[in-house]
Amino acid sequence: MTDNKCAIITGSATGVGAAVALDLGARGYNVLINYNKSESEAEQTRAAVAGAGAEAIVVQGDVADDAACVAMVEAAMSEWGRVDVLINNAGMTSFTGVDNWDALTNEVFARIYDVNVVGAFQMVRAAREALRANGGSIVNVSSIAGTLGVGSSVPYIASKGAMNSLTLHLARQLAPEIRVNAVCPGLITSRWFRDGIGEEGFQKVKTHYESSVPLKRACTPEEVSDAIVWLATATPVITGELLQLDGGKHLG
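Residues numbered from 1 in each chain as written. Predicted model: local features only at pLDDT ≥ 70, side-chain atom pairs only at ≥ 80, totals over all residues. Heavy atoms only, no water.

K.L.:
Explain the sheet that holds strand β1 (residues 6-9) here, please?
P.N.:
Backbone-to-backbone hydrogen bonds join strands into a sheet, with any given pair of strands oriented parallel or antiparallel. The 7 strands are arranged β3-β2-β1-β4-β5-β6-β7 in an open sheet whose pairing can be described as parallel. Strands with a single pairing partner mark the edges of an open sheet, and in this sheet they are β3 (56-60) and β7 (242-245). In this sheet, adjacent strand axes meet at a mean angle of 15° when their direction is disregarded. Across 5 bridges, the pairing between strand β2 (residues 30-35) and β3 is parallel. Within β3, the residue paired with leucine 32 across the bridge is isoleucine 57. Contacting β4 (85-88), β5 (137-141), β6 (179-185) and β7, helix α6 (residues 154-174) crosses the sheet at an angle of about 160° to β6. (Pairing = 2+ DSSP bridges. Helix = DSSP H or I, 4+ residues; strand = E, 2+ residues; numbered from the N terminus. Axes fitted to C-alpha atoms, helices over the stretch in contact; angles between N-to-C directions. Contact = heavy atoms within 4.5 Å.)

K.L.:
Explain helix α2 (residues 39-51) here, please?
P.N.:
Each turn of an α-helix holds 3.6 residues, which means side chains three or four residues apart point in the same direction. For α2, which comprises 13 residues, the first-to-last C-alpha distance of 18 Å matches the rise-based estimate of 18 Å (1.5 Å per residue) to within 8%. Buried residues in α2 make contact with α1 (15-26), β2, β3 and α7 (191-212). Within two residues after α2, glycine 53 carries a phi angle of roughly 100°, on the positive side. (Expected span 1.5 Å × (residues − 1).)

K.L.:
In this structure, what is going on with the pattern of salt bridges? I would like to understand it.
P.N.:
All told, the structure shown has 13 salt bridges when counted by the stated rule. In this structure, glutamate 199 engages arginine 194 in a salt bridge whose closest nitrogen and oxygen atoms are separated by 2.9 Å. Judged by relative accessible area, glutamate 199 falls into the partly exposed class, the value being 42%. On the basis of relative accessible area, arginine 194 is assigned to the partly exposed category, the value being 25%. (Salt bridge = Lys/Arg side-chain N within 4 Å of Asp/Glu carboxyl O. Buried < 20%, exposed > 50% of the residue type's maximum accessible area, 1.4 Å probe, protein only.)

K.L.:
Looking at this structure, I do not really get the nonpolar core. What am I missing?
P.N.:
Nonpolar side chains in soluble globular proteins tend to end up buried together. Counting 29 residues, the largest nonpolar core has Val20, Leu24, Val31, Ile87, Val183, Val224 and Ile228 as the members making the most contacts within it. Elements supplying a minimum of two residues to this core: β1, α1, β2, α2, β4, β5 and α8 (221-233). Here this core takes 6 residues from α8, the largest share from any one element. Among all residues touching valine 20, those that are not within four sequence positions of it are Ile9, Ile87, Ser225, Ile228 and Val229. One finds Ala76, Leu86, Val124 and Leu174 within the second-largest nonpolar core, a separate group that totals 27 residues. (Core = buried A, V, L, I, M, F, W, Y, C linked by side-chain atoms within 4.5 Å.)

K.L.:
What is the right way to read unusual backbone geometry from this model?
P.N.:
Most peptide bonds are trans, and most residues other than glycine sit at a negative phi. In this model, alanine 175 is joined to proline 176 through a cis peptide bond whose omega is 5°. Tracing the sequence through the fold places proline 176 in the loop between α6 and β6. The phi dihedral of lysine 216 falls on the positive side, at around 60°, and the residue is not glycine. When you line up the elements, lysine 216 lands in the loop between α7 and α8.

K.L.:
Would you take a moment to explain helix α4 (residues 106-133) for this structure?
P.N.:
The terminal C-alpha atoms of α4, which comprises 28 residues, lie 39 Å apart, in line with the 40 Å expected from a rise of 1.5 Å per residue. Of all bends in α4, the biggest is about 55°, found at alanine 127. Those residues of α4 that sit buried are Ile112, Val115, Asn116, Val117, Gly119, Ala120, Gln122, Met123, Val124, Ala127, Ala130 and Leu131. The secondary structure elements touched by the buried residues of α4 are β1, α3 (66-80), β4, β5 and α6. In the stretch just after α4, glycine 135 is the one whose phi turns positive, near 60°. (Bend = angle between axes of the 7 residues up to and from the residue.)

K.L.:
What is the right way to read the pairing of β4 from this model?
P.N.:
Along a regular strand, successive side chains alternate from one face of the sheet to the other. With burial as the criterion, each face of β4 is covered, one bearing Val85 and Ile87 and the other bearing Leu86 and Asn88. As paired strands, β1 and β4 are joined by 3 bridges and run parallel to one another. Residue pairing across strands places isoleucine 8 opposite leucine 86, the latter belonging to β4. Relative to β5, β4 runs parallel, the two sharing 4 bridges. Directly across from asparagine 88, in β5, lies its bridge partner asparagine 140. Crossover β4 to β5 through α4 is right-handed. (Right-handed = clockwise from strand over helix to strand, strands pointing away.)

K.L.:
It is not clear to me how the packing of α1 against α2 should be interpreted in this structure. Could you clarify?
P.N.:
In the contact formed by α1 and α2, the axes pass within 8 Å of each other and the chain directions differ by 20°. Classed by the angle they form, the pair α1 and α2 counts as roughly parallel. Viewed along their axes, α1 and α2 form a crossing whose handedness is right-handed. In contact with Ala18, Ala21, Leu22 and Gly25 of α1, α2 contributes Thr45, Ala48 and Val49. (Parallel < 35°, antiparallel > 145°, perpendicular 65-115°, else oblique. Left-handed = near helix turned anticlockwise from the far one by under 90°.)

See the structure below:
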């Protein structure tokens, strides 16, 4: 077993997940980078983490597949003999808008729920014994969609509400050995949202968002990463927290 701590970050080829991988790598964590489709970006993130002086491996897998979740944990244990941090960052939505209910087939709803909620639970189940052995921590990447009922689609909103409830349950269930928290960002200036609605649509949403929230700004992937890493590594008495990173949007 290595003396360096190890983090598994799902959906970490790009965006928030990649930022977390770099932040933890810079802090000396060995990092398992997970992707489903973005192989070249995952390799770029691995190289960046290695450039920061940490070890990193890349593992392909869809978190909706329980066997893939188990395989990720096994890969980390095989490589480093430990897991200290789990970041459930993998997520998806349907950019249909909240009013276009007719576009939401059972398959679309179930797929979003499988990735955003079931996938997170399966990762926790696969990693819990390894995390327990090291007094580990889990951070779920949720959204203000789950606390305010706003977002890109109905199933996304529902899935993030479920993730928040899951976070609270797991914080009770896994204490005292494992801490479980979540971050709930508002608009993030990441590729994920830009790709979903296009650059023109993104700029309109960003302008509206920043004009309506008290702090007059959206957050960057790096700022979300700062909060995730803080919860994961520096706060031994915090568990069951749903930290809102929304520029004050929740204030109304």
